[in-house]
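# A look at the structure
If you want the building blocks of each chain, they are given just below.
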Amino acid sequence: DIKETVETLGAAIKAMAEGKINEAVDAVMGSAALIKCLEVLNPDMLRKMLKTAFQPVAVSNAIKAAMKKMPAELQHPFEDFLTFANELDEADLDAIVGDFTALTKQFKVKIPKALEELKKKAKDNVEEVVGFNFPGDILKSVDPLEILAMLGSEIPAPLDTAFNKALQLAQYAPLLPLIECVKNGDLEGGLAVVLSMPVLKLVSEFDIELPRNLLKNMLCARGVQNAIQQAQTKLPNNLHKPLQMLQQLSQNLDGTLDEILQELHEVMQAAKIYASPSINFKFPADLIKSLKPVDILQIIGEKIPAPMNVVFNKALELAALAPLLPLIEKLKDSDLEGAFEMVMASAPMLMCMSKFDEELPRSVLKKVMQNAGFQSAITQTLAKLPEQLHAPLQQLQELSQELDGNMDEVMHKFKGIIEAAKVYKAPNVAFNFPADLIKSVDPVDILAMIGDKIPAPMNKVFELVLAPMRFAPLMPWIEKIKNQDLQGALALTMSSPVLDLAAKLDKELPRKILKQTIGAHAFRSAVAQKLETLPEELRSPLAILQDFSENLDGDVDELLGSLFDVLQNFTDYASVYSNPKFNFRFPEDLVKDLDPSAVLTLIAEKVPAPLNAVLSKVLTLSTEGVSIDVDGMEEEDKGFLGMIDKLLKKVDPSKFVVMIEKLMEALPPPGKAMLEPFMDILVQACEVKQQAEDAKKEAEACAEKMKHEIEACVEGVAAHDLRLDVKSMAPMKTHFKFELVHFILGTMCFFGIVTMGILVAMTVSKDCGCTSECPAAAKWAAACPAVCKC
């Protein structure tokens, strides 16, 4: 008996761990050996457990129902069991255990054997021979947890720990079908499980008001009430009763919990009539389609105690993202059109996005459905399709004008349109919905809107796939900058693709760019000069451009639309303008007198990370006259000497001189006078650079000495090759030895001193005494108002 009891408890533990709680009770209450052992351990508990299991009225009714189905010769064990159950209060416990052992043998051995014999004799009428599972078939109405909890209190070590741990998990058994639905992404199926009695009874243990709150959120929802009314209009009158009962229940959810659950139980029993295959109605699935499953299930997740809360909420979190998984797969395959089409063909996918941003579905629908190309495509399609296929497209037109309404209603209508649009899948309909409507909409824009809101780790897929495509218009532009062709980059800035991208980065950025290019005085002057040189018949594009440049303060979208027309005029005349007779390149010939760095920096500052850092670095190096070696930039040289040597190879002092000269021109007179002495230093540096390069081999033997001297220089030791008499502001004669070490030291020092000189010049310029009429002062103030006060 002990051996069999241990095996029975092992089977029960395994069943509970797998969530098969009824199977665990079957194993326990069908074991005569375990009953015998319990008589020794705790006789009183055994009697109580047997009464709990076998004395309820529902159990007696189940025994009687099973007995009626049995042949007459097999009915006496059922009669004996009814007598056994009725005598559990008074009979001697030894007699009870003996009777139970005998009855168990009858139900588990003799009756199954007899039924098997009858099946063999019946041959063609095998279905008429019913089966019977003891005790499972008679314990269906009994709370299995109550019986297992009684048993768990008496199990001795070492099985007690494993049993009670499994029992703890088994308490959540009603939730396992719900968790399974959630794990499989079937959230609507999960909602149907929530309406089951086992789940509602269980969650009442977490919070006594939780079943009421769940039923109110589900049954009282407008969409569910509408679905009940619509179902009644479609179903025949003889099938209305369960729906009417459900309506009545939804209006009486403030009573006691026991009354509410009993009424719901009666509704569920009555609704079994809908299980017939001939009835085209799924209860309750067809009633709860309008609900947001995640919102309902989160109410449960907030109340489930540990450790099951972790499992449930993790499954719910993954299920909330499940509608997006097909979209992610499309993106991983770089199928942007397919991904975009999937978004516009799936209401669940759009509803899923509301978890990240409540307004995201509305923003996506507006961006697509209010697009002029989209509306035009609907109109053209309606003209081609027969009238009986117009309804979904007409509904789509109407919805595009109602997108500012209640979001739930908008999504409900959109979902209905998607369902109705299935008529276009017929093989004889030459229309692909929604693909044929969204061809004019840029998928990158829409997918980027979604990617910006999706949390990690899914957002990484969007970033990796979309980033190169979002900034594709900038690639030729960046290439121009890398090659130090800033004028060429400036010309590309005026193209529609770059300006369209600029508008996405900052709505006002295109206007700022156009004002610094087309609106600049130098550009307008170039246009006027070109108009004078070209024949009358070739002036039209320039005249239109001239008019456009005088009105850059309108709506940005309208501005870009007008610019497109302006640029198209030049495209139409391109072949004529390229004739050697005219030799006019647009826009290159018009922007050659503009300063490109200011315009290019406008864009570089708005490009998001990580591209902005690379772009700013490339642009800075280009404007400073440093030749850009991308491969060299990627290889990090950690040696200090190597870094200095690399710097000397990249810097062209002559270009640095030009930059300083431009700076001098912008300074007021006092600042200009302050900076003039430094120009002599730069000029001398340019003269000796080649001589220093020739001396490189001779200086290689001095590497160690060079290291120490550079370190000394960095620490502030005065360089012996370059001195400056600050009082007279005139440079002393400089002597350069032709060793590389001294050139390096001198180069570092003159860069440092020139920088210091610029700072001094700027300081002097703060209160230089210039009047507002002074051109130099006005120019300086415009360039740096935070520094110059005059």
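Residues numbered from 1 in each chain as written. Predicted model: local features only at pLDDT ≥ 70, side-chain atom pairs only at ≥ 80, totals over all residues. Heavy atoms only, no water.

### Notes on the overall build of the chain
In terms of helices and strands, the chain carries 46 helices and 2 strands. The buried share of the chain, taken over its 790 residues, is 44%. Long-range pairs, those at least 24 residues apart, make up 70% of the contacts in the chain with a sequence separation of at least 6. Carbon and sulfur atoms make up 53% of the accessible area of the chain, which totals about 41,200 Å². (Helix = DSSP H or I, 4+ residues; strand = E, 2+ residues; numbered from the N terminus. Buried < 20%, exposed > 50% of the residue type's maximum accessible area, 1.4 Å probe, protein only. Contact = heavy atoms within 4.5 Å. Areas by Shrake-Rupley, 256 points an atom, 1.4 Å probe, with all protein chains shown as cover.)

### A few points about the packing of helix α13 (residues 210-219) against helix α17 (residues 293-301)
Packing of α13 against α17 brings their axes to within 11 Å, and their N-to-C directions diverge by 175°. Taken together, the axes of α13 and α17 lie roughly antiparallel to each other. Together, L210, L214, N217 and M218 of α13 and I296, I299 and I300 of α17 make up the contact between the two elements. Here the contact of α13 with α17 is built from residues that sort into 6 nonpolar, 1 polar and no charged. (Axes fitted to C-alpha atoms, helices over the stretch in contact; angles between N-to-C directions. Parallel < 35°, antiparallel > 145°, perpendicular 65-115°, else oblique. Nonpolar A, V, L, I, M, F, W, Y, C, P; charged D, E, K, R; others polar.)

### Side note on the packing of aromatic side chains
Inspection of the entire model under this criterion finds 20 aromatic pairs. Centre to centre, the rings of F84 and F100 are 6.0 Å apart; their planes meet at 40°, and the pair counts as tilted. Placement of F84 in helix α6 (residues 76-86) and of F100 in helix α7 (residues 93-122) is noted, with a sequence separation of 16 residues between them. Judged by centre distance (5.9 Å) and plane angle (35°), the rings of Y274 and F283 are tilted. The buried category is assigned to F283, whose relative accessible area is 18%. Pairwise contacts between aromatic rings join F54, F78, F81, F84, F100, F107, F132 and F134 into one cluster. (Phe/Tyr/Trp six-rings, centres within 6.5 Å; stacked < 30°, edge-to-face > 60°.)

### Considerations on helix α16 (residues 257-270)
The terminal C-alpha atoms of α16 lie 20 Å apart, and with 14 residues this matches the ideal 20 Å at 1.5 Å per residue to within 8%. Of the residues making up α16, those classed as buried are L257, I260, L261, L264 and V267. Along the long axis of α16, the arc covered by the buried residues comes to 115°, so they all point the same way. Turned more than 90 degrees away from the buried face of α16, the exposed residues are D258 and E259. In this structure, the buried residues of α16 make contact with α12 (197-206), α13 and α15 (241-250). (Expected span 1.5 Å × (residues − 1). Arc of directions from axis to C-beta.)

### As for the side chain of T493
Tracing the backbone through its elements, the reader meets T493 in helix α29 (residues 486-493). A distance of 2.9 Å separates a polar atom in the side chain of T493 from the backbone oxygen of A489. (Polar contact = N/O pair within 3.5 Å; in protein donor to acceptor, adjacent residues only side chain to side chain.)

### Here's the deal with the confidence of the model for the chain
For the chain, the average pLDDT comes to 77, and 75% of its residues sit at 70 or higher. Taken as a whole, residues 695-745 scores under 50 in pLDDT and shows 66 contacts with residues more than four places along the chain or in a different chain. Residue range residues 767-772 is modelled with pLDDT below 50. Its contacts to residues more than four positions away, or to other chains, number 9 contacts. (pLDDT = per-residue confidence, 0-100.)

### Points about the environment of K330
Inspection of the secondary structure assignment puts K330 in helix α19 (residues 325-332). Along the sequence, K330 and M342 sit 12 residues apart, while their C-alpha atoms lie 8.9 Å from each other. Once you skip the residues sitting within four places of it in the chain, K330 turns out to touch D335, G338, A339 and M342.

### Description of a negative patch on the surface
A surface patch of like charges, here negative, comprises E79, D80, E87 and D99. Following the sequence through the fold, E87 ends up in the loop between α6 and α7. (Patch = residues over 30% accessible without salt bridge, like charges linked within 9 Å, V, L, I, M, F, W, Y side chains within 5 Å. Salt bridge = Lys/Arg side-chain N within 4 Å of Asp/Glu carboxyl O. Lys, Arg positive; Asp, Glu negative; His and termini not counted. Charge placed at Lys NZ, Arg CZ, Asp CG, Glu CD.)

### Focus: the environment of K422
In this fold, K422 is placed in the loop between α25 (407-420) and α26 (443-451). What makes K422 partly exposed here is its relative accessible area of 45%.

### Overview of the environment of L34
Topologically, L34 is positioned in helix α3 (residues 32-41). Exposure remark for L34: the relative accessible area of 1% places this residue in the buried category. Separated by 28 residues in sequence, L34 and V6 place their C-alpha atoms 8.3 Å apart. In contact with L34, other than residues within four places in its own chain, are T5, T8, L9, V28 and L151.

### So, the side chain of S204
Among the structural elements, S204 can be located in helix α12. We classify S204 as buried; its relative accessible area is 16%. Excluding residues within four positions of it along the chain, S204 makes contact with P211 and L257.

### So, α15
When you tally the buried positions in α15, you get 7 out of 10 residues, the bulk of the element. Turning to α15, its buried residues number three or more, namely P242, L243, M245, L246, Q247, L249 and S250. Elements that come into contact with the buried residues of α15 comprise α13, α14 (222-234) and α16.

### Focus: the pattern of salt bridges
Considering all chains together, one arrives at 22 salt bridges under this definition. The partner of D254 in a salt bridge is K216, and the shortest N-O contact between them spans 2.7 Å. Taken as a pair, D254 in the loop between α15 and α16 and K216 in helix α13 lie far apart in primary sequence, 38 residues in all. Note on K216: relative accessible area 34%, which makes it partly exposed. Across the pair D335 and K330 runs a salt bridge whose closest N-O atoms are separated by 3.5 Å. The partly exposed category is assigned to K330, whose relative accessible area is 28%.

### Quick notes on unusual backbone geometry
F433 connects to P434 through a cis peptide bond whose omega is 0°. For P434, the position within the fold is in the loop between α25 and α26. Residue P587 is reached from F586 by a cis peptide bond, and omega for that bond is 0°. As for its placement among the helices and strands, P587 is situated in the loop between α35 (574-577) and α36 (588-591). The backbone of N583 shows a phi angle near 50°, a positive value even though the residue is not glycine. Inspection of the secondary structure assignment puts N583 in the loop between α35 and α36.

### Quick word on the packing of helix α33 (residues 540-549) against helix α34 (residues 556-572)
As a packed pair, α33 and α34 sit with axes 9 Å apart at the nearest point and diverge in direction by 160°. Judged by the angle between their axes, α33 and α34 are roughly antiparallel. In the packing of α33 onto α34, the handedness of the crossing is left-handed. Listed contacts from α34 to P541, L542, I544, L545 and F548 of α33 are L559, S562, L563, V566, N569 and F570. A class-by-class count of the residues in the contact of α33 with α34 yields 9 nonpolar, 2 polar and no charged. (Left-handed = near helix turned anticlockwise from the far one by under 90°.)

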